[in-house]
Amino acid sequence: MTEITYFPVDLVHQFMIAVFEALGTPPNEARVCADVLITSDLRGIESHGVGRLKYYYDRIEAGVQSVETVIEVVKETETTAVLDGHDGMGHVIAYRAMRLAMDKARQYGLGAVTVRNGTHFGIAAYYPLMAADEGMIGLCVTNARPAQAPTFGTEPMLGTNPIAFAAPSDMDFAFCLDAATSISQRGKVEVAARAGKPLPDGVIVDPEGQPLTDPEQILADLGQAAAAFLPLGGAGEELGGYKGYGLATIVEILSASLSGGVFMKDLLGFAPDGSRRPYMLGHFFLAIDVGHFIPLETSKRITGSIMRSLQASRKAPGQERIYVAGEKEHEMVEIVRQAGIPVNANLRRELQTMRDALGIEGYEAYF
């Protein structure tokens, strides 16, 4: 069993800010990056919290991601915009893009912003939740380096391509769905590798379509296009795998075709000569100001009624509770604040590596 140590949320948050600042990220932007990551940890999503910190550290050190974010407005109308992120910090790019979409929605009802040359921006849910917090419906999608096979295929062609949606409600939390369009995603494989746990069958396949379960081997094979995630629904069409495949393709289209960005294998992060280059991801953000349709309180009440009706519906034998999207994550926030953020031995070593390499002081007693 891998040893787990729980660290205070504020301690981990401040350490991440210190790492981003030591790498050269401006203080206000370092706080945005760390806030996205700590939000993931608070919501119980270990795959995209502090466990992903070294992921950004490595990319910055490799020169494929800039610590300073310069955003260019390529085209803009009253309700739309196309931005070029110039391979800066993905969290900052996405935050500003969603904020711009919200500003447009507040004035005109709808705001849509696309981004090209973006980078990994943490949990997609963070950005539509920004909208929900201000009485808007938010939607965010992004493409990613190829890791998912199309139905009836075994070659990684599409990214795990998440879809995140949030809507305000009259409950204590917003309805919020954030899901990859593949059965699983790389971050969860990384968590399994750090914990030394195998993955179940039917999630990832090799070039012959055989299941892979060793997370260390999977991570190596993903880098060589020798492994592929299956789409939501699994292999073939019998359980609806074509639906996950289709949704992933929709995300790819929204992320690339409206931004003028690259797609699928051009997102691998390698130039034709084999040298590393930025990943050049594409993103799409949509904000809908509910008040331009009906009164916000009316919309929140209806959304809340939908959620409560689902919670109150007939339960399967042996089940005590039905959840709606965003409910478990909402409840995890207080649990994590009280218990702390879990850090296993492998992740602790990663944090120590960054601490020592960057000369960050004051955390020796922790990691």
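Before reading further, recall that the structure is shown in the block above.
Residues numbered from 1 in each chain as written. Predicted model: local features only at pLDDT ≥ 70, side-chain atom pairs only at ≥ 80, totals over all residues. Heavy atoms only, no water.

Peer 1: Any chance you could break down the side chain of Asn 143 for me, citing the residues and the numbers?
Peer 2: Tracing the sequence through the fold places Asn 143 in the loop between strand 5 (136-142) and strand 6 (163-167). In terms of polar contacts, Asn 143 uses its side chain to reach the side chain of Glu 252, at 3.4 Å. Only 2.8 Å separates the side chain of Asn 143 from the backbone nitrogen of Gly 282, close enough to count as a polar contact. Among residues more than four places away in sequence, those in contact with Asn 143 are Asn 161, Val 251, Glu 252, Ser 255, Ala 256, Val 262, Phe 263, Leu 267, Leu 281 and Gly 282. (Helix = DSSP H or I, 4+ residues; strand = E, 2+ residues; numbered from the N terminus. Polar contact = N/O pair within 3.5 Å; in protein donor to acceptor, adjacent residues only side chain to side chain. Contact = heavy atoms within 4.5 Å.)

Peer 1: So what's going on with the packing of helix 1 (residues 9-23) against helix 3 (residues 53-61)? Residues and values would help.
Peer 2: Closest axis-to-axis distance for the helix 1/helix 3 pair is 11 Å, and the angle between their directions is 5°. The orientation of helix 1 relative to helix 3 falls into the category roughly parallel. Touching Phe 15, Met 16, Val 19, Phe 20 and Leu 23 of helix 1 are Leu 53, Tyr 56, Tyr 57, Ile 60 and Glu 61, all from helix 3. (Axes fitted to C-alpha atoms, helices over the stretch in contact; angles between N-to-C directions. Parallel < 35°, antiparallel > 145°, perpendicular 65-115°, else oblique.)

Peer 1: Tell me about the pairing of strand 3 (residues 80-84), and name the residues and values.
Peer 2: Most of strand 3 sits out of view: four of its five residues are buried. Pairing of strand 2 (residues 72-76) with strand 3 involves four bridges; the strand directions are antiparallel. Residue pairing across strands places Lys 75 opposite Val 82, the latter belonging to strand 3. Counting the residues in the hairpin turn of strand 2 and strand 3 gives three residues. (Buried < 20%, exposed > 50% of the residue type's maximum accessible area, 1.4 Å probe, protein only. Pairing = 2+ DSSP bridges.)

Peer 1: Outline helix 7 (residues 215-223), listing residues and values.
Peer 2: Among all positions of helix 7, only Pro 215, Ile 218, Asp 221 and Leu 222 are buried. Summarising the axial view, the buried residues of helix 7 lie within an arc of 120°, below the 170-degree limit, and thus occupy one face. Exposed residues pointing more than 90 degrees away from the buried face of helix 7 are listed as Glu 216 and Gly 223. Turning to helix 7, the residues buried within the fold contact helix 6 (186-195), strand 8 (204-205) and strand 9 (228-229). A distance of 3.0 Å separates the backbone nitrogen of Glu 216 from a side-chain oxygen at the start of helix 7, and that oxygen is part of Asp 214. One or two steps after helix 7, the chain reaches Ala 225, where phi turns positive at roughly 60°. (Arc of directions from axis to C-beta.)

Peer 1: I'd like a rundown of the packing of aromatic side chains, residues and numbers included.
Peer 2: Taken as a whole and assessed by the stated rule, the structure comprises 11 aromatic pairs. When the ring of Tyr 55 is compared with that of Tyr 56, the centres are 5.4 Å apart and the planes differ by 85°; the resulting orientation is edge-to-face. A relative accessible area of 14% places Tyr 55 in the buried class. The exposure class assigned to Tyr 56 is buried, which follows from its relative accessible area of 0%. Members of the aromatic cluster, connected to one another through ring pairs, are Phe 7, Phe 15, Tyr 363 and Phe 367. For the cation-ring pair, Arg 59 lies above Tyr 279, with the distance from its terminal atom to the ring centre recorded as 3.9 Å. Positioned over the ring face of Tyr 323 is Lys 328, at 4.8 Å from the centre of the ring. (Phe/Tyr/Trp six-rings, centres within 6.5 Å; stacked < 30°, edge-to-face > 60°. Lys NZ or Arg CZ within 6 Å of the ring centre and 35° of its normal.)

Peer 1: Would you mind going over the sheet that holds strand 7 (residues 175-179) in detail, with residue names and values included?
Peer 2: Reading across from one edge, 2-3-4-10-5-6-7 is the order of the seven strands in this open sheet, with mixed pairing throughout. The two strands at the open ends of the sheet, each matched to only one other strand, are strand 2 and strand 7. On average, adjacent strands in this sheet sit at an angle of 15° to one another, irrespective of strand direction. Across seven bridges, strand 5 lies against strand 10 (residues 281-289) in antiparallel orientation. In the sheet register, Met 136 faces strand 10, and the bridge partner there is Asp 289. Against the sheet, helix 8 (residues 241-256) contacts strand 4 (110-118), strand 5, strand 6 and strand 10, and its axis sits at roughly 95° relative to strand 5.

Peer 1: Give me the nonpolar core: which residues, what numbers.
Peer 2: Grouped together as the largest cluster of nonpolar side chains are 36 residues, with contacts concentrated most on Phe 15, Met 16, Phe 20, Leu 53 and Leu 351. Broken down by secondary-structure element, the contributors of at least two residues to this core are helix 1, helix 2 (27-42), helix 3, strand 11 (341-344) and helix 11 (345-358). Ranked by the residues each element gives to this core, the list is headed by helix 1, at 10 residues. Among residues more than four places away in sequence, those in contact with Phe 15 are Leu 53, Leu 351, Arg 355, Ile 360, Tyr 363 and Phe 367. Core analysis: the second largest hydrophobic core is formed by 24 residues, Val 36, Ile 123, Ala 124 and Phe 285 among them. (Core = buried A, V, L, I, M, F, W, Y, C linked by side-chain atoms within 4.5 Å.)

Peer 1: Describe in detail unusual backbone geometry, supporting the description with residues and values.
Peer 2: The phi torsion at Asn 117 lies on the positive side, around 55°, for a residue other than glycine. Tracing the backbone through its elements, the reader meets Asn 117 in strand 4.

Peer 1: Hey, could you go over the side chain of Asn 161 for me, with residue numbers and the actual values?
Peer 2: Structurally, Asn 161 can be placed in the loop between strand 5 and strand 6. Of note is the side chain of Asn 161, whose polar atom sits 2.8 Å from the side chain of Glu 252. Excluding residues that lie within four positions of it along the chain, Asn 161 makes contacts with Thr 142, Asn 143, Ala 144, Ala 180, Thr 181, Ala 248, Val 251 and Glu 252.

Peer 1: Requested: an account of the pattern of salt bridges, with residues and values cited.
Peer 2: When their charged atoms lie close together, side chains carrying opposite charge are able to pair. Evaluation of the coordinates by the stated rule reveals 14 salt bridges. The salt bridge partner of Glu 155 is Lys 265, with a shortest N-O separation of 2.1 Å. Within this pair, whereas Glu 155 is found in the loop between strand 5 and strand 6, its partner Lys 265 is found in the loop between helix 8 and strand 10, the two being separated by 110 residues in sequence. Judged by relative accessible area, which is 40%, Glu 155 ranks as partly exposed. Classification of Lys 265 by relative accessible area gives partly exposed; the value is 39%. Put simply, Arg 321 and Glu 331 hold a salt bridge, and the shortest N to O gap is 2.2 Å. Taken together, the residues span a long stretch of sequence, with Arg 321 in the loop between helix 9 (296-311) and helix 10 (327-339) and Glu 331 in helix 10 at a distance of 10 residues. Classification of Glu 331 by relative accessible area gives partly exposed; the value is 32%. Connected via shared salt-bridge partners are Arg 99, Asp 103, Arg 106 and Glu 134. (Salt bridge = Lys/Arg side-chain N within 4 Å of Asp/Glu carboxyl O.)

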